[in-house]
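Single-letter residue listing:
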Amino acid sequence: MADKKEIGKVTHYFGKINVAAIELTDSLKVGDTISFEGAHTNLQQVVDSMQIDNKSVTDAKAGDGIGLKVKEHVRVGDTVFLV
C-alpha cells in the first residue's frame with residue numbers, strides 16, 4: 001500500500017446527508033484520495049467537493065473544519081489519511 005499521512009479526524013457524521021465533519025491537521029484539496037480508518041471503518045474515496053462554513057472550497061489547511069460528502073457511514077473519532 002502507498003504511504004499515507006494522517007490529515008485529520010472525523011468530529012461529526014450527518015447520516016441523513018452522508019456528510020462527515022473533519023477537523024484537519026494538514027492540508028487537503030479536491031482531487032486528493034483519502035482513507036477513513038477506525039475500529040469499524042475502512043473507506044477510501046476521492047475528494048469530489050468540500051465545504052467550509054457552507055461555502056464550497058477547492059483546498060483547506062490545517063486547523064480548518066470541513067464538511068465532506070462520503071460514500072459510506074463513517075464514525076466520530078475515525079482517522080482521516082491522505083493516500
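Residues numbered from 1 in each chain as written. Predicted model: local features only at pLDDT ≥ 70, side-chain atom pairs only at ≥ 80, totals over all residues. Heavy atoms only, no water.

### Some thoughts on the pattern of salt bridges
One pass over the structure, following the stated rule, counts 4 salt bridges. In this structure, the salt-bridge partner of Glu37 is Lys4, at a minimum N-O distance of 2.8 Å. Placement of Glu37 in strand 4 (residues 33-37) and of Lys4 in the segment before strand 1 (5-14) is noted, with a sequence separation of 33 residues between them. Notably, a salt bridge pairs Lys29 with Asp32, separated by 3.4 Å at the nearest N-O pair. (Salt bridge = Lys/Arg side-chain N within 4 Å of Asp/Glu carboxyl O. Helix = DSSP H or I, 4+ residues; strand = E, 2+ residues; numbered from the N terminus.)

### Brief notes about the packing of aromatic side chains
A full pass over the atoms with the stated rule returns 0 aromatic pairs. In this arrangement the basic side chain of Lys4 is found over the ring face of Phe81, its NZ or CZ atom lying 4.8 Å from the centre. (Phe/Tyr/Trp six-rings, centres within 6.5 Å; stacked < 30°, edge-to-face > 60°. Lys NZ or Arg CZ within 6 Å of the ring centre and 35° of its normal.)

### A closer look at the sheet that holds strand 2 (residues 19-24)
On the basis of which strands lie adjacent, the open sheet formed by 8 strands has the order 5-4-10-1-2-9-6-7 and antiparallel pairing. The sheet is open, and its two edges are formed by strand 5 (42-46) and strand 7 (55-57), each paired on a single side. Geometrically, the sheet is characterised by an average inter-axis angle of 35° between neighbouring strands, direction not taken into account. Here 5 bridges tie strand 4 to strand 5, and the two strands are oriented antiparallel to one another. Directly across from Thr33, in strand 5, lies its bridge partner Val46. (Pairing = 2+ DSSP bridges. Axes fitted to C-alpha atoms, helices over the stretch in contact; angles between N-to-C directions.)

### Focus: the pairing of strand 2
Summarising burial for strand 2: 5 of the 6 residues are buried, a large majority. Pairing of strand 1 with strand 2 involves 6 bridges; the strand directions are antiparallel. Within the sheet, the bridge partner assigned to Phe14 lies in strand 2 and is Val19. (Buried < 20%, exposed > 50% of the residue type's maximum accessible area, 1.4 Å probe, protein only.)

### A few points about the layout of surface pockets
Computed from the structure, the largest pocket encloses a volume of approximately 170 Å³. Every residue lining the largest pocket is listed: Val19, Ser49, Met50, Gln51, Ile52, Asp53, Asn54, Gly65, Ile66, Gly67, Leu68 and Lys69. Those elements giving two or more residues to the lining of the largest pocket turn out to be strand 6 (50-52) and strand 9 (65-69). Among the elements that line the lining of the largest pocket, the one with the most residues is strand 9, at 5 residues. Considering only residue class, the lining of the largest pocket consists of 5 nonpolar, 5 polar and 2 charged. (1 Å grid on protein atoms, 1.4 Å probe; cavity = no way out; pocket = protein on both sides within 12 Å on 5 of 7 lines; lining within 4 Å. Points joined across faces, edges and corners; volume = space filled by probe spheres on them. Nonpolar A, V, L, I, M, F, W, Y, C, P; charged D, E, K, R; others polar.)

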